[in-house]
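What follows is each chain in one-letter form.
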Amino acid sequence: MTAPLLSLHHLSMRFGGLLAVNDVSFDVRRGEITALIGPNGAGKTTVFNCITGFYKPTEGMIALTHEDGTRFLLERLPDYRINEKARVARTFQNIRLFQGMTVLENLLVAQHNPLMAASGWTVLGVLGIGGYRRREQEAVDKAVAWLERIGLVDRADDPAGDLPYGDQRRLEIARAMCTDPVLLCLDEPAAGLNPRESLELNALLRSVRDRDGTSVLLIEHDMSVVMEISDHVVVLDYGIKIADGAPDEIRNDPKVIAAYLGVEDEEVAAVEAEVGA
Amino acid sequence: MEVFVQQLINGLTLGSIYGLIAIGYTMVFGIIGMVNFAHGDVFMVGGFIALLFFMVMTAWLGLAVLPALMIVLVLGMVFTGLWNWAIERVAYRPLRGSFRLAPLISAIGMSILLSNLVQVLQGPRNKPVPPMFTQVLPLFEQNGYTVGIGYKQIVIMVVTAVSLAIFWYVVQKTPLGRAQRACEQDQKMASLLGINVDATISLTFVMGAALAAVAGVMYIMYYGVVNFSDGFIPGVKAFTAAVLGGIGSLPGAVIGGLLIGLIETMWSAYFSIDYKDVAAFSILAITLVFLPTGLFGRPEVEKV
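Residues numbered from 1 in each chain as written. Chains lettered and ligands numbered in written order. Predicted model: local features only at pLDDT ≥ 70, side-chain atom pairs only at ≥ 80, totals over all residues. Heavy atoms only, no water.

(A) Structural view of the nonpolar core. Core analysis: the biggest nonpolar cluster contains 137 residues, and A:Leu147, A:Leu171, B:Tyr92 and B:Met218 have the highest contact counts within it. When residues of this core are assigned to their parent elements, the largest contribution, 15 residues, is made by helix H8 (residues 197-223) of chain B. Contact partners of B:Tyr92, with chain neighbours within four places excluded, come to B:Met34, B:Asn36, B:Ala38, B:Ile87, B:Pro103, B:Ser106, B:Ala107, B:Met110 and B:Phe205. The next biggest cluster of nonpolar side chains, apart from the first, holds 30 residues, and it includes A:Phe26, A:Leu36, A:Val88 and A:Ile219. (Core = buried A, V, L, I, M, F, W, Y, C linked by side-chain atoms within 4.5 Å. Buried < 20%, exposed > 50% of the residue type's maximum accessible area, 1.4 Å probe, protein only. Helix = DSSP H or I, 4+ residues; strand = E, 2+ residues; numbered from the N terminus. Contact = heavy atoms within 4.5 Å.)

(B) Structural detail: the pairing of strand S1 (residues 6-15) of chain A. Residue and element names in this part refer to chain A. Across seven bridges, S1 lies against strand S2 (residues 18-28) in antiparallel orientation. Its bridge partner being in S2, Ser7 is matched across the sheet by Asp27. In this structure, the hairpin formed by S1 and S2 is closed by a connection of two residues, where Gly16 is found at a positive phi of approximately 55°. Direction of pairing for S1 relative to strand S4 (residues 59-65): antiparallel, over a ladder of five bridges. When the sheet's bridge partners are listed, Leu8 is paired in S4 with Ile62. (Pairing = 2+ DSSP bridges.)

(C) Layout of the sheet that holds strand S5 (residues 71-73) of chain A. Residue and element names in this part refer to chain A. Strand order across the open sheet formed by four strands is S2-S1-S4-S5, with antiparallel pairing between neighbours. Strand pairing shows two members of the sheet lacking a second neighbour, S2 and S5, which therefore form its edges. Mean inter-strand twist for the sheet, computed between neighbouring axes without regard to direction, equals 20°. Pairing analysis gives three bridges linking S4 to S5, with the strands arranged antiparallel. Looking at S5, one finds that Thr65 is bridged to Arg71. Along the sheet, helix H1 (residues 44-51) makes contact with S1, S2 and S4, crossing S1 at roughly 115°. (Axes fitted to C-alpha atoms, helices over the stretch in contact; angles between N-to-C directions.)

(D) How the structure looks around helix H11 (residues 276-290) of chain B. Here H11(B) spans 21 Å end to end across 15 residues, near enough to the 21 Å set by a 1.5 Å rise per residue. Among the structural elements, helix H9 (232-245) and helix H10 (250-270) of chain B are those in contact with the buried residues of H11(B). (Expected span 1.5 Å × (residues − 1).)

(E) Representation of the interface of chain A and chain B within the structure. At the interface, 32 residues of chain A touch 25 residues of chain B. Here chain A and chain B share three salt bridges between them. Across the pair B:Asp186 and A:Arg96 runs a salt bridge, and its minimum N-O distance is 2.8 Å. Remark: the boundary between chain A and chain B carries six residue pairs in polar contact (both at pLDDT 80 or more). Within the residue set of the side of chain A that touches chain B, elements represented by two or more residues are helix H2 (79-84), strand S6 (88-90), helix H3 (103-109), helix H4 (112-118), helix H5 (123-127) and helix H6 (132-149) of chain A. Here the side of chain A that touches chain B is built from residues that sort into 13 nonpolar, eleven polar and eight charged. (Salt bridge = Lys/Arg side-chain N within 4 Å of Asp/Glu carboxyl O. Polar contact = N/O pair within 3.5 Å; in protein donor to acceptor, adjacent residues only side chain to side chain. Nonpolar A, V, L, I, M, F, W, Y, C, P; charged D, E, K, R; others polar.)

(F) Seen up close, helix H11 (residues 254-261) of chain A. Residue and element names in this part refer to chain A. All of the buried residues along H11 are Val256, Ala258 and Ala259. An end-on view of H11 places all buried positions within 160° of arc, on one side of the element. In this structure, H11 carries Pro254 and Leu261 as exposed residues pointing more than 90 degrees from its buried face. The residue sitting at the N-terminus of H11 and contributing the capping side-chain oxygen is Asp253; that oxygen lies 2.9 Å from the backbone nitrogen of Lys255. (Arc of directions from axis to C-beta.)

(G) Broad picture of the environment of B:Ile255. All names here are of chain B. Tracing the chain through its elements places Ile255 in helix H10. Of the residues examined, Ile255 reaches a relative accessible area of 35% and is grouped as partly exposed. Distance from Ile255 to Thr204, taken between C-alpha atoms, is 20 Å for residues 51 residues apart in sequence.

(H) Highlighting the pattern of salt bridges. Residues and elements named next belong to chain A. Considering all chains together, one arrives at 24 salt bridges over all chains under this definition. In this structure, the salt-bridge partner of Arg90 is Asp187, at a minimum N-O distance of 3.6 Å. One end of the pair, Arg90, is in strand S6; the other, Asp187, is in strand S7 (residues 183-187), with 97 residues separating them in the sequence. Looking at Asp187, the relative accessible area reads 1%, which means it is buried. Of the charged contacts, one joins Asp158 and Arg155 as a salt bridge, the two residues approaching to 3.0 Å between their closest N and O atoms.

(I) Inspection of the sheet that holds strand S3 (residues 33-37) of chain A at higher detail. Residues and elements named next belong to chain A. The strand order across the open sheet formed by six strands is S6-S7-S8-S3-S9-S10, and the pairing between neighbours is mixed. Of all strands in the sheet, those with a lone pairing partner are S6 and strand S10 (240-245), marking the two edges. Direction aside, the axes of adjacent strands within the sheet are offset by 15° on average. Both S3 and strand S9 (residues 232-237) contribute to a ladder of four bridges, which runs parallel.

(J) Region of interest: the pairing of S9(A). Residue and element names in this part refer to chain A. Within S9, six of the six residues are buried, which leaves it mostly tucked inside the rest of the structure. Burial along S9 is two-sided: the face carrying His232, Val234 and Leu236 and the face carrying Val233, Val235 and Asp237 are both buried. Looking at chain direction, S9 and S10 are connected through five bridges and run antiparallel. For Asp237, the partnering residue across the bridge sits in S10 and is Ile240. The antiparallel pairing of S9 with S10 creates a hairpin that spans two residues between the two strands, and Tyr238 there sits at a positive phi of about 45°.

(K) Quick peek at the side chain of A:Arg209. All names here are of chain A. For Arg209, the location among the structural elements is in helix H8 (residues 195-210). On the basis of relative accessibility, which here comes to 14%, the residue Arg209 falls in the buried class. Among residues more than four places away in sequence, those in contact with Arg209 are Gly31, Glu32, Ile33, Thr214, Ile229 and Asp231.

(L) Spotlight on the packing of aromatic side chains. Evaluation of the coordinates by the stated rule reveals ten aromatic pairs over all chains. Between B:Phe53 and B:Phe79 the ring centres are 5.3 Å apart and the planes differ by 50°, which places this aromatic pair in the tilted class. Within this pair, whereas B:Phe53 is found in helix H2 (residues 39-60), its partner B:Phe79 is found in helix H3 (residues 65-92), the two being separated by 26 residues in sequence. Pairing B:Tyr92 with B:Phe205 gives two aromatic rings, centres 5.6 Å apart and planes at 40°, and the pair type is tilted. Of this pair, B:Tyr92 sits in helix H3 while B:Phe205 sits in helix H8, placing them 113 residues apart in sequence. Taking the relative accessible area as the measure of exposure, B:Phe205 reaches 0% and is therefore buried. Taken together, B:Phe43, B:Tyr219, B:Tyr222 and B:Tyr223 form an aromatic cluster joined through their ring pairs. Lying over the aromatic face of A:Phe92, A:Arg96 brings its terminal NZ or CZ to 4.4 Å of the ring centre. Here the basic side chain of B:Lys188 rests over the ring of A:Phe54, its NZ or CZ set 4.7 Å away from the ring centre. (Phe/Tyr/Trp six-rings, centres within 6.5 Å; stacked < 30°, edge-to-face > 60°. Lys NZ or Arg CZ within 6 Å of the ring centre and 35° of its normal.)

Structure representation (structure tokens):
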């Protein structure tokens, strides 16, 4: 083991007068599920947006290191390269499937780059020469394998927008996984799921970690999910990292409890002194 | 009856050309939400490129008409595609993300630039090509009037059908087409899945121009002449066709093109030929007032 998979160094993001993320540093270790938690407005999604290239951070460095030692500075890559080269995939709080395309096509779009190269930038694909047909078949097989894992194989040809909410959530994760990521970033994957679907999600995320060897970074409000599946928890509050450690440590951390539950007035000063605010 | 059938054939021929141009409008609108007003002039440039290559092939290299036409089609598609790629690169891409009107104005500027450039380079007169495929296939005779279909009309319909089939295959079945449809729905998400959105938009312009080039080749073959100002009227009619079919819808563009072609020829036959453009453009106004989403368009759904 060399460098951690993802390493944030002194990340800050400023929107005008608002410092949404203030000097946050943490690591995401290879082969682990890391949860990023915090009260509303803590800057969790902003951190995600910096990692996946939506925002260019005001200050700081985001380094992603592949297993072979190749290092990418994500804040310097154009957004589509973050997926193509650095192999980071993400989902959003709201569902952003391609609603008008079929379930299968959503998974094929995620395999765009290898397929585009195999089709000779479309020319060979139209002529049906080269290895394109075989490559396309492999892509379909991979998509179907994922559909089997998420239990949607019989709906492959339906428009993605027709699926029920929980299925759309899982399809989004499958689509992100079809890009062969080393790091999967999930923004509130359990939001709006019922308890049974939440359990299925936990199983899916564990299999992503154990079977595919993909590390996961997730934002989640559902503490049952966080405590159940994560190996490592990072807590943000008002853009500042207030805790970082194993789930059990976090559960009992007074600063975290204070951030979530609020504190008596006389305790505020004491906590603030401790946080360094 | 015999006049009607004859006009039906003529209308479908003309409509094929409009349909090919209309696809360029509708694709660009679908992917970046902009009406490319220079597209009619791209069609005209395609016609001129075809004219030049056709002259080189027949007068200098002495090829027969049919092989010359095939080569001209391919070369015309490539070079017109390059033109539209360059136009997108210099005139539209720098304006992406600015206010909505900016690329529209830029497109109108490009349209004026192209037609004037061709006027200066090629002169203002009609440029003729030698007549080709002049034979007519008689179909039936009624009341002393022979209804026939010209060989060049057959060529136009066949070439259009083949181009559309290839085009449909690309959009529906290839990774490029999937990327285009993905970008049409959600560009940010597409880029997060590793799709180079800028490259996809560029290729959309190239594909639209390639079909406009096919239309340009068919146009000079059908009419025998091309002029620097020939981009405007067919361009606006093709735009009308795209709106009638529902802008953003590919089958809509083809059906709209055929309908506009039919309306125009039927109007010329039964009413007044002087007013044929008025008839075609009235369709634009009527569609926008009574059927703003067109025949196959999806109503605009507010994204939440």
